[in-house]
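For reference, the chains in residue letters:
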Amino acid sequence: LRRLIPVPQTLTSELPSSHSYRGLTLVLTFLSYTSYHLSRKPISIVKSQLHPNCSAFGPNPLNDSNSTTWCSWAPFDGDNYKELFGALDNAFLVAYAIGMFISGIFGERLPLRYYLSGGMVLSGLFTALFGLGYFWNIHVLWYFIVVQVCNGLVQTTGWPAVVACVGNWFGKGKRGLIMGIWNSHTSVGNILGSLIAGAWVSSAWGLSFVVPGIIITTVGIICFFFLVEYPEDVDCSPPLHHVMTISEKDPEAVNSNEGPLSLPGQSSVEHSNSPKEPAEEPEAISFLGALRIPGVVEFSLCLLFAKLVSYTFLYWLPLYIVNVGEFWGQRGGSEPCKGSISSPLSSLSPTAHFGAKEAGDLSTLFDVGGILGGIFAGLISDYTGGRATTCCVMLVVAAPMLFLYNHVGQNGIGTSIAMLIICGALVNGPYALITTAVSADLGTHESLKGNAKALSTVTAIIDGTGSVGAALGPLLAGLISPTGWNNVFYMLIAADVLACLLLARVVVKEARGWCGPMARQRGYVVT
């Protein structure tokens, strides 16, 4: 099918080398998934505007009533508004989780460039349709639910496609660090989405969705014209996913170019005539076949709970910050920050009332921590070779940090900033590592014997399982939050502990791998 729909090389043929193509692939996929997350973030910012505390605005100017919901947007003006917000989140996330398992199968069989750009254009359409509900004065719940379901389905085109593209261009060597930096697109998208949505949330919240919809559509069109899926499409050598396996292969097998790997010294004639045909022969891996790859099940289940925590923060952190601000405001600012200097951050003091924009701005610090955590996790896992161990250590430390943030994170703006960054790094670090470097490692696992048509399916299985947790987290938060935010944080801590336990077998395997060479150096027998 790629032969029938070629890459538009007139737009990319002037790039001089594979390094340029790799850089172009990183930039385009980074911008692509930044725009995906940018379009998901507005709902968490707009929630506090759909059901604000209307008493802060005075009586209803139309009938002079003292109703606390006169300025709310129906149908979110009732006492069950948190449950309705949870339904909105769940509509998107359940559709996303279900669609993700199917998306990887299509991603292996369709041109990634068409699949990705088409999904981005449709995502922009449905994101904008949610915001148009404001301008069309729509007040029925089913409209917003249907738009969220459709958006969740089409957004599943993004992650398998971008990870497959990056995995096609980069080998395993520094994959953790490269993908750790590259995966900052998630947090960058959340930050930009918060800032863009916050710019219009108080004046015309519909634009908080329409503008991100236009952005993701534009980036999708750019990817359609410039993205190169495979190195072979532009006569570049594919990366070496398993360097050690080359020396272990029979020389005749290497020279016959089985699988996607080829020797750097091959002639251009051999490269053009023989390797491309065998690369087309292996069938795309089946769903059950991908599950049999060692580590896929463990990392998938771990990501379920890790993503539960991350997406609960993604969708509920701004509202939590608003509610905490109202709590301290009702206490009359009994714990003011004495001697504080007037600055833009002074309006974010936990002793003051939080507006929707201020809460959205403060919540971006969690994503700043996520950027640092993703890079740190990738760097450490590259150095140690222990992906699972790195994830497990960060998850273990994250649990007490979440407890501390809930109890002392409101003691001052400085404490709040520090705790948000630390929690963001510890929560999003393992999530970023599993969805990028780990997925790419397993999708090019040596047990596949060179079959390159597994990366998208493996990525979809891992992220699809994680998306089940992403759907459960905001739903549980909506159900538990009326009983108190403490209970929400206890749920998040329990999820972190479970995520760590699910990786125990892989951690033990990595530890044995480290201890084996050390024991042999000391003359011990390793069994």
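Counting of residues starts from 1 at the beginning of each chain's written sequence and follows it residue by residue. Per-residue local features of the predicted model are confined to residues with pLDDT of at least 70, and side-chain atom pairs are confined, for both listing and counting, to 80 or more; whole-chain, interface and lining totals are unaffected and use all residues. The basis for the side-chain values is all heavy atoms of the structure; hydrogens and waters are excluded.

Within an unreviewed UniProt entry, the label attached to the protein reads Glucose-6-phosphate exchanger SLC37A2, and the organism entered is Alaudala cheleensis. UniProt positions are given in the numbering used here, feature names are shortened, and annotations may be inferred rather than shown by experiment. On record in UniProt, under Sequence similarities (unreviewed entry), the comment for the protein is "Belongs to the major facilitator superfamily. Organophosphate:Pi antiporter (OPA) (TC 2.A.1.4) family."

*Asks:* Which residues make up the overall build of the protein, and what values go with them?
*Replies:* Numbered from the N terminus, helices here are DSSP runs of H or I no shorter than four residues, and strands are runs of E no shorter than two. Scanning the protein from terminus to terminus reveals 21 helices and 0 strands. Put simply, of all contacts in the protein between residues at least 6 apart along the chain, 81% involve residues at least 24 apart. Surface accessibility of the protein: about 22,000 Å² in total, with carbon and sulfur atoms responsible for 66%. Between two residues, a contact is recorded if the distance between any of their heavy atoms is within 4.5 Å. Per-residue and other accessible areas follow the Shrake-Rupley method at a 1.4 Å probe size, with only the shown protein chains counted as cover for residues.

*Asks:* I'd like a description of the environment of proline 318, backed by residues and values.
*Replies:* Mapping proline 318 onto the fold places it in helix α15 (residues 296–330). Between the C-alpha atom of proline 318 and that of serine 194, which follows or precedes it by 124 residues, the distance is 9.6 Å. Other than its neighbours up to four places away in sequence, proline 318 contacts Ser44, Ile45, Phe313, Ala359 and Ser363.

*Asks:* Quick one: what's the story with unusual backbone geometry, residue by residue and with numbers?
*Replies:* The bulk of non-glycine residues show a negative phi, and the bulk of peptide bonds are trans. The omega torsion of the bond from alanine 74 to proline 75 falls at 10 degrees, within 30 degrees of zero and hence cis. Within the secondary structure, proline 75 sits in the loop between α2 (42–50) and α3 (81–109). Unusually for a residue other than glycine, aspartate 235 sits at a positive phi of about 60 degrees. Here aspartate 235 lies in the loop between α9 (207–226) and α10 (243–248). Burial classification: accessible surface area is computed with a 1.4 Å probe over protein chains only, and a residue below 20% of its type maximum counts as buried, one above 50% as exposed, and the rest as partly exposed. On the basis of relative accessible area, aspartate 235 is assigned to the exposed category, the value being 62%.

*Asks:* With reference to specific residues and values, describe the packing of helix α8 (residues 185–200) against α9.
*Replies:* Angle between the axes and distance between the axes: these two values describe a pair of packed helices. Where helices are involved, their axes are fitted lines through C-alpha atoms of the stretch in contact, as for all axes, and angles between N-to-C directions lie from 0 to 180°. For the pair α8 and α9, interaxial distance at closest approach is 8 Å and the crossing angle is 135 degrees. Here α8 lies oblique to α9, going by the angle between them. The interaxial crossing formed by α8 with α9 has right-handed handedness. Mapping the contact onto sequence places Ile196, Ala197 and Trp200 in α8 and Leu207, Ser208, Val211, Pro212 and Ile215 in α9. Comment on the angle field: the value is read as roughly parallel under 35 degrees, roughly antiparallel over 145, roughly perpendicular from 65 to 115, and oblique elsewhere. In this scheme, a crossing is called left-handed if the near helix is turned counterclockwise away from the far one by less than a right angle; it is called right-handed if the turn is clockwise.

*Asks:* Any chance you could break down a nonpolar patch on the surface for me, citing the residues and the numbers?
*Replies:* A contiguous nonpolar patch, built from Val94, Ile98, Ile102, Phe106 and Leu110 and spanning about 420 Å² of accessible area, is present on the exposed surface. Tracing the backbone shows isoleucine 98 in helix α3. Two joining distances apply to patches: 9 Å for like charges and 5 Å for nonpolar side chains (Val, Leu, Ile, Met, Phe, Trp, Tyr), and every residue must have over 30% relative accessible area and no salt bridge. When a carboxyl oxygen of Asp or Glu lies within 4 Å of a side-chain nitrogen of Lys or Arg, that pair is called a salt bridge.

*Asks:* Got a sec to walk through the side chain of serine 39? Specific residues and values, please.
*Replies:* Structurally, serine 39 is set in helix α1 (residues 18–40). Given a relative accessible area of 4%, serine 39 falls into the buried group.

*Asks:* Describe the nonpolar core, and please don't skip the residues or the numbers.
*Replies:* Residues Phe144, Leu402, Tyr405 and Leu492 are the most contacted members of the largest nonpolar core, which totals 120 residues. Sequence-distant contacts of phenylalanine 144, defined by excluding residues within four places in its chain, comprise Trp73, Phe76, Leu88, Phe130, Gly133, Ile138 and Trp205. For the purposes of this section, nonpolar cores are sets of buried Ala, Val, Leu, Ile, Met, Phe, Trp, Tyr and Cys residues that join through side-chain atoms within 4.5 Å.

*Asks:* Can you tell me about the packing of aromatic side chains, naming the residues and giving the values?
*Replies:* Any two rings among Phe, Tyr and Trp, with Trp reduced to its six-membered ring, count as a pair given centres within 6.5 Å; such a pair is stacked if its planes are under 30 degrees apart, edge-to-face if over 60, and tilted if neither. Taken as a whole and judged by the stated rule, the model has 28 aromatic pairs. The structure contains a cluster of three or more aromatic residues connected by ring pairs, namely Trp73, Phe76, Tyr81, Phe85, Phe130, Tyr134, Phe135, Trp142, Tyr143, Phe144, Trp205 and Phe209. Two conditions define a charge located above a ring, namely a distance within 6 Å from the ring centre to NZ of Lys or CZ of Arg, and an angle within 35 degrees of the ring normal. Positioned over the ring face of tryptophan 316 is lysine 47, at 4.2 Å from the centre of the ring. In this arrangement the basic side chain of arginine 113 is found over the ring face of phenylalanine 224, its NZ or CZ atom lying 5.3 Å from the centre.

*Asks:* Explain the pattern of salt bridges to me, using residue names and the numbers behind them.
*Replies:* In total, this model carries 5 salt bridges according to the counting rule given. Note that aspartate 89 is salt-bridged to lysine 47, the shortest N-O span being 2.6 Å. Highlighted residues: aspartate 89 in helix α3 and lysine 47 in helix α2, separated in sequence by 42 residues. Judged by its relative accessible area of 0%, aspartate 89 is buried. Judged by its relative accessible area of 1%, lysine 47 falls in the buried class. Across the salt bridge formed by arginine 387 and aspartate 441, the nearest N and O atoms sit 2.8 Å from each other. One end of the pair, arginine 387, is in helix α17 (residues 387–408); the other, aspartate 441, is in helix α18 (residues 413–443), and 54 residues separate them in sequence. Residue aspartate 441 is classed as buried on the basis of its relative accessible area of 10%.

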